[in-house]
Amino acid sequence: MKHIRAMTLPELAAMLENMGQPAFRAKQLYGWLHQGAGYQQMSNLPKALRETLAAQYPLYIPQAVRRQASQRDGTIKYLWRLADGNCVETVLMRYHYGNTVCISSEVGCRMGCAFCASTLGGLVRRLEPQEMLDQVLYTQLDSGLPISHIVLMGIGEPLDNYENVLRFLSLVNSPEGMNISMRHISLSTCGIVPKIDALAQEKLQLTLSVSLHAPNDAVRDTIMPINRAYPVDILLDACRRYYAATSRRISFEYAMIQGVNDAPEHARELLQRLKGLPAHVNLIPLNRVEESPLKPSTRQAVAEFQRILTDGGISATVRRTLGGDIDASCGQLRRNYTKQQA
Ligand code: SAH
């Protein structure tokens, strides 16, 4: 059975109609649910209805088992415990354009990227739509900071949890709910081509972020197993189709790893590969992961790489690192916590 916070407004309306309730109750209930209210607080709903709902659709509120706030930049990192005891991370970042949450889409990940902490223990399970929504909702409630932007860049591969992610997007975007604009949402993928094509057909106004991290198969094969299924040319063709279908510029993520993908010739090759594709490149100095020997590029290497791209006409920025003092790198909080509990 679907969780009540995973139901769309029409689904709630149908459910309430079956219970003999008037049509206007659906909007009331949906509004309450998407403010994070418990049934007791839903003061404009009849008591008998609230009791029936409480019995049939118990509400679980995720518990913050860790909450780390950066003294430097106001970043807050949450570790949430889900109903079944699994934990996921959410990071709240404060940018000049608004408060942004980075949410997880899965517990663990099966993509196996060599530099990523989230994949070390494999995939435990996919998140339900309301578990993604709850990360946005309860981060907002807990912090008291209104959330305007979402990035699906936490633990997990969103396109490996396609149906649930799509439902989450429609929930969080709904005017009667959190009403977060699609233009304020980024979805990041390691490059699952058939799912990129499926997403293109949805014609959503979100930003697709593609974790490229290499200009060619020789390099990408060594750090991203997904590249064996969908090599760089195939991936970039899918990006071109995505742009043709949506007119949305693609954002490419490029984690800079010393001696692996950060030479000037890599930048020049990337430039050639991206020609003709409206794109933005986000250079991210690698975050160190304890279990991995990979090191971040030097500041000079990053600057030179960026210069080659911008001189070639590709917009490229270096991602500011936030939360450096709270060890906010991808998947590390959950991993450290899970190791402590074991
Ligand atoms: N699975 C999705 C989204 C989650 S990862 C994806 O692959 O895009 C979010 C981003 O963080 C991805 O670009 C990922 O490659 C990057 N990333 C993972 N580990 C990192 C690390 N140690 N340093 C820098 N970026 C990292």
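What counts and how
Residues numbered from 1 in each chain as written. Predicted model: local features only at pLDDT ≥ 70, side-chain atom pairs only at ≥ 80, totals over all residues. Heavy atoms only, no water. Helix = DSSP H or I, 4+ residues; strand = E, 2+ residues; numbered from the N terminus. Rg over C-alpha atoms; globule rule 2.2 N^0.38 Å. Buried < 20%, exposed > 50% of the residue type's maximum accessible area, 1.4 Å probe, protein only. Areas by Shrake-Rupley, 256 points an atom, 1.4 Å probe, with all protein chains shown as cover. Lys, Arg positive; Asp, Glu negative; His and termini not counted. Charge placed at Lys NZ, Arg CZ, Asp CG, Glu CD. Pairing = 2+ DSSP bridges. Axes fitted to C-alpha atoms, helices over the stretch in contact; angles between N-to-C directions. Contact = heavy atoms within 4.5 Å. Near = heavy atom within 4 Å. Polar contact = N/O pair within 3.5 Å; in protein donor to acceptor, adjacent residues only side chain to side chain. Nonpolar A, V, L, I, M, F, W, Y, C, P; charged D, E, K, R; others polar. Salt bridge = Lys/Arg side-chain N within 4 Å of Asp/Glu carboxyl O. Phe/Tyr/Trp six-rings, centres within 6.5 Å; stacked < 30°, edge-to-face > 60°.

Caption draft 1: Representation of the overall build of the protein within the structure. Check the secondary structure of the protein and you find 12 helices and 12 strands. A globule of 342 residues ought to have a C-alpha radius of gyration of about 20 Å, and the protein, at 21 Å, matches this closely. In terms of overall dimensions, the protein has C-alpha extents of about 70 × 45 × 35 Å along its principal axes. Taking all 342 residues of the protein together, the buried fraction comes to 53%. Of the accessible surface of the protein, which amounts to about 14800 Å², a share of 50% is contributed by carbon and sulfur atoms. Both charge centroids of the protein, one from 37 positive and one from 31 negative side chains, sit 3 Å from each other.

Caption draft 2: Region of interest: the sheet that holds strand β4 (residues 98–102). Pairing is mixed across the open sheet formed by 10 strands, whose spatial order is β1-β2-β3-β4-β7-β8-β9-β10-β11-β12. The strands lining the two open edges of the sheet, one partner per strand, are β1 (63–69) and β12 (315–318). Along the sheet, successive strands turn relative to each other by an average axial angle of 20°, direction set aside. Judged from the 4 bridges that link them, β4 and strand β7 (residues 147–152) form a sheet pairing that is parallel. The residue bridging Cys102 from the neighbouring strand is Val151, located in β7. Along the sheet, helix α5 (residues 162–173) contacts β7 and β8 (185–189); its crossing angle with β7, the most-contacted strand, is approximately 170°. Docked against the sheet, helix α11 (residues 299–311) engages β10 (250–256), β11 (279–285) and β12, running at close to 165° with respect to β12.

Caption draft 3: Highlighting the site of the ligand. Inspection of the region around the ligand gives 17 residues, with Phe115, Ser188, Ser211, His213 and Asn287 positioned closest. At 2.5 Å from an oxygen atom of the ligand is found a side-chain nitrogen or oxygen belonging to Ser211. The contact in question runs from a nitrogen atom of the ligand to an N or O atom on the backbone of Asn287, over 2.9 Å. Protein chains bury 95% of the 520 Å² of accessible surface belonging to the ligand in isolation. Across the shell around the ligand, the residue classes tally to 8 nonpolar, 7 polar and 2 charged.

Caption draft 4: The side chain of Arg220, seen in detail. With respect to the helices and strands, Arg220 occurs in helix α7 (residues 217–223). This buried residue, Arg220, is left without a salt bridge; Asp217 holds the nearest opposite charge, at 6.4 Å. Not counting residues up to four positions away in its chain, the partners in contact with Arg220 are Cys190, Ser211, Leu212, Ala214, Ile226, Asn227, Tyr230, Val232 and Leu235.

Caption draft 5: Spotlight on the packing of aromatic side chains. Per the stated rule, a full pass over the model turns up 3 aromatic pairs. Aromatic pair Tyr95 and Tyr97: ring centres 5.1 Å apart, planes at 15°, arrangement stacked. A residue is classified by how much of its surface remains accessible, and Tyr97, at 43% relative accessible area, is partly exposed.

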